[in-house]
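Chains, contacts and geometry: an overview
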Amino acid sequence: MRFIIAIVLFVVAFVGIGLGIAERTVFAEADRVTESVALDSTAPVTVIDGSALNAFDGRQTLAILGGVEAGPAPAPSAGPSGSPSADPSPSPITETAAATESDAIAAVYGTTTDVLGWVGESSYTLVTWDAEEQELVTEEVVGSETAVPAPIGSDLWYGEFEGSGELGLTVNVPRDVSLLMVSDGTLPAPQEFSITWPLEVDSPLATPLTIAGFAALLLGLLALIWALVHMRRQRGPRRKSPKGPKMPRVPKPSRYRPVKSSTLIGRPKGRRAVRRIALLPGALATALLLSACGIGDGLSISQPTEAATASSTAEPEEELPPVAVTARQAERIIDRLAATVAEADEAANGDLAASRLVGPALALRQANYAARANSADVAALPAIPTGSVDLVLPQQTDVWPRQVFAIVSDPEDETVPPLAIVLTQAAARDQYRASHLITLEPQATLPEVPPASLGTAFLGADTPFLPVQPATVVQSYAEVLLLGEAGAPNFALFQAEGDSLRTQIGFEKKEERRAAIPSTAAIDFTNGVGDADIITMSTLDAGALVVGYLTETETVTPTQSGATVNASGTVAALANIESSERGITATYGVQVLFYVPSLENPDDPVVLLGYTQGLVAASEVQ
């Protein structure tokens, strides 16, 4: 019997271990799912929508095949033109429309809004997911453009890939992100690709079966050892009884005990009694189950509470617009910006600088390049700090133009002051360019702003949500610099403490300049709002950051016949003249950053947080 038990346990062990391994191998479900698409389109762009990328959970692995022949353009269709299971036949090649092919593959991904904004009016193939049919479907969207520029290097993307012949990539993107594919921008986009998603393979019985199998194996070994030991003991000598085998004893009769008749009534006898006793636990479990069902039914028909009714009828909260860029995008954009401007500064190349600068920032750089071309004594402007992006405040928008405010610093050189940058993207296919580069004041304290993931609203220059309009702030500060406390009507609007710009070009400084001019010449100053948009960004305390641009013109003219006006330094280099009998005019651009308090604190002053001032034009008086 012990050997039989061991054999049974060994059989159970081998069956359990075998089934456990089979659950992981033979009986295991597929650990991935793949959907393939074969196109027959002449569109230069293919867009895989976020719904298609997220048809299944998990990371998306794409295999893109380039170098596919393309025939003449098919007639445009209004609806879906294919599915991943379809195998469209290639278009016939005619003598007038020979097939072409390209091995180049470029794939980028970003928000669906940015992807479609970049596509613009170009024809493209849209790939989406049909939840009902559980398959990828394609639709050709006909546009007015048949070619697109290279998408690689655009500031819009979260990531970009390129290759030749075949390209494999793995991403993990949400539903609001789409992927864009092109070949060389003119030829049709890659015609064949597949998307693979991993699947969670669940084998709940594999581990228990394997453990039970090894446990049975161990018990079988113990039973085998027990049987062997017992068999060895049975081989020894046995003593026989001298009296012979014992006879079985006669069972004693049971004693009779009278039972009351009342206890016998209704008591089942024999098998019925055993059957009823066995049914008692089942009847009890059934009663509990029925009582539970009764409770559930009672809850299902009860009236909903007021909170539940209110939550079910409440209107969904309005979603905020997406942010222009993420924090990582902004860091990458600023790195590219700083590298391009540094290269342009070294070569004094205004055209190269124009690829990343615009407005006041570009005007200051180009004036410096022109002055350096005329004189080697003119120093280059300070470089854009790199190493740390301390703040990113993107605009909440899904249209163009769009803007981003950022503050950068150099953590390895504390002598370099932080720099505030305003980035502007005019259109989806344009790069972000810096319109303002403003050096922060040493003691400047920035207000709290929303995180980069939330962004902020960029307000107009005449917004009514501030105690003073941003346009008025910029104009009033120009008057403060020109007229001082006695002449500027809104002099008290600004905080004087910590404002170092007044000490450099303010009213008192202008009076010192007038006093230093000899009697044979005269100097005149004019201030005004420059030709640049006023940028206003909301802060968390309902105040605003305001970026403006001022121009200050300084004109020196002789007052006596035969007298001349001498120029020096950067003015002489930019004007390319050292003296003039008619006079010299120099124009300075002043980029300023203010903090404007909220309506709740209308008596708080407007604070100058930073500025950048430099020569932008110089010439002889005409």
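Residues numbered from 1 in each chain as written. Predicted model: local features only at pLDDT ≥ 70, side-chain atom pairs only at ≥ 80, totals over all residues. Heavy atoms only, no water.

Some words on the overall build of the protein chain
In terms of regular secondary structure, the protein chain is built from 14 helices and 23 strands. A separation threshold of at least 6 residues defines the contact pool for the protein chain, and within that pool the share at least 24 residues apart is 74%. Summing over all exposed atoms, the protein chain offers an accessible surface of approximately 35500 Å²; the carbon and sulfur share of this is 56%. (Helix = DSSP H or I, 4+ residues; strand = E, 2+ residues; numbered from the N terminus. Contact = heavy atoms within 4.5 Å. Areas by Shrake-Rupley, 256 points an atom, 1.4 Å probe, with all protein chains shown as cover.)

Notes on the pairing of strand 15 (residues 433–440)
Burial runs high along strand 15: six of the eight residues are buried. The pairing of strand 14 (residues 419–425) with strand 15 spans six bridges and is classified as antiparallel. For T424, the partnering residue across the bridge sits in strand 15 and is R433. Bridge count for strand 15 against strand 23 (residues 607–620) is two bridges, and the pairing is antiparallel. Bridge assignment links L440 to a residue of strand 23, and that residue is G610. (Buried < 20%, exposed > 50% of the residue type's maximum accessible area, 1.4 Å probe, protein only. Pairing = 2+ DSSP bridges.)

Here's the deal with the sheet that holds strand 1 (residues 32–38)
Strand order in the open sheet made by the four strands is 1-11-3-9, with antiparallel pairing throughout. Looking at the sheet topology across the chains shown, the edges are occupied by strand 1 and strand 9 (166–171). The average undirected angle you get between the axes of adjacent strands in this sheet is 15 degrees. Note: strand 3 (residues 60–65) against strand 11 (residues 192–198), five bridges, orientation antiparallel. Following the sheet pairing, L65 is matched in strand 11 by E192. (Axes fitted to C-alpha atoms, helices over the stretch in contact; angles between N-to-C directions.)

Considerations on the confidence of the model for the protein chain
Looking at the protein chain as a whole, the pLDDT averages 83, with 78% of positions reaching at least 70. Residue range residues 68–100 is modelled with pLDDT below 50. Its contacts to residues more than four positions away, or to other chains, number 54 contacts. This model gives residues 261–316 a pLDDT under 50, and the stretch forms four contacts once residues within four places in sequence are excluded. (pLDDT = per-residue confidence, 0-100.)

Regarding the pattern of salt bridges
In this structure the tally under the stated criterion is twelve salt bridges. One salt bridge connects R402 with D114, and the closest N-O pair in it is separated by 3.0 Å. With R402 in strand 13 (residues 402–409) and D114 in helix 3 (residues 112–119), this pair connects stretches of sequence that are 288 residues apart. Each member of the pair R402 and D114 is classed as buried. The network of salt bridges with shared partners includes D155, E160, R336 and R356. (Salt bridge = Lys/Arg side-chain N within 4 Å of Asp/Glu carboxyl O.)

Some remarks on helix 3
Turning to helix 3, its buried residues number three or more, namely T112, D114, V115, W118 and V119. Here the buried residues of helix 3 occupy an arc of 165 degrees about the axis, which is enough to place them on one side. Those residues of helix 3 hidden inside the fold are in contact with strand 2 (45–48), strand 5 (104–111), strand 6 (124–130), strand 10 (177–182) and strand 13. (Arc of directions from axis to C-beta.)

Considerations on the environment of A380
Mapped onto the elements of the fold, A380 is located in the loop between helix 10 (359–374) and strand 12 (388–394). Measuring from C-alpha to C-alpha, the distance between A380 and D345 comes to 6.9 Å, with 35 residues separating the pair along the chain. Excluding anything up to four places from it in sequence, A380 contacts N368 and R372.

Quick word on the pairing of strand 23
With twelve bridges connecting them, strand 22 (residues 584–596) and strand 23 associate as antiparallel partners. Paired with Y595 across the bridge in strand 23 is V607.

Points about the packing of helix 8 (residues 327–347) against helix 10
Between helix 8 and helix 10, the shortest axis-to-axis distance is 10 Å and the interhelical angle comes to 25 degrees. Between helix 8 and helix 10, the interaxial angle falls into the category roughly parallel. For the pair helix 8 and helix 10, contact is made by V341, A344, D345 and E346 and by R365, Y369 and R372, respectively. Each residue belonging to the contact of helix 8 with helix 10 can be placed in one class, and the counts come to three nonpolar, no polar and four charged. (Parallel < 35°, antiparallel > 145°, perpendicular 65-115°, else oblique. Nonpolar A, V, L, I, M, F, W, Y, C, P; charged D, E, K, R; others polar.)

Brief notes about unusual backbone geometry
P401 follows W400 through a cis peptide bond whose omega is 0 degrees. Along the chain, P401 turns up in the loop between strand 12 and strand 13. In this structure, A348 takes a positive phi of about 50 degrees despite not being glycine. Since its relative accessible area comes to 31%, A348 is described here as partly exposed. Notably, N576 is not glycine yet its phi reads approximately 55 degrees, a positive angle. Looking at the element boundaries, N576 is found in the loop between helix 14 (569–575) and strand 21 (579–580).

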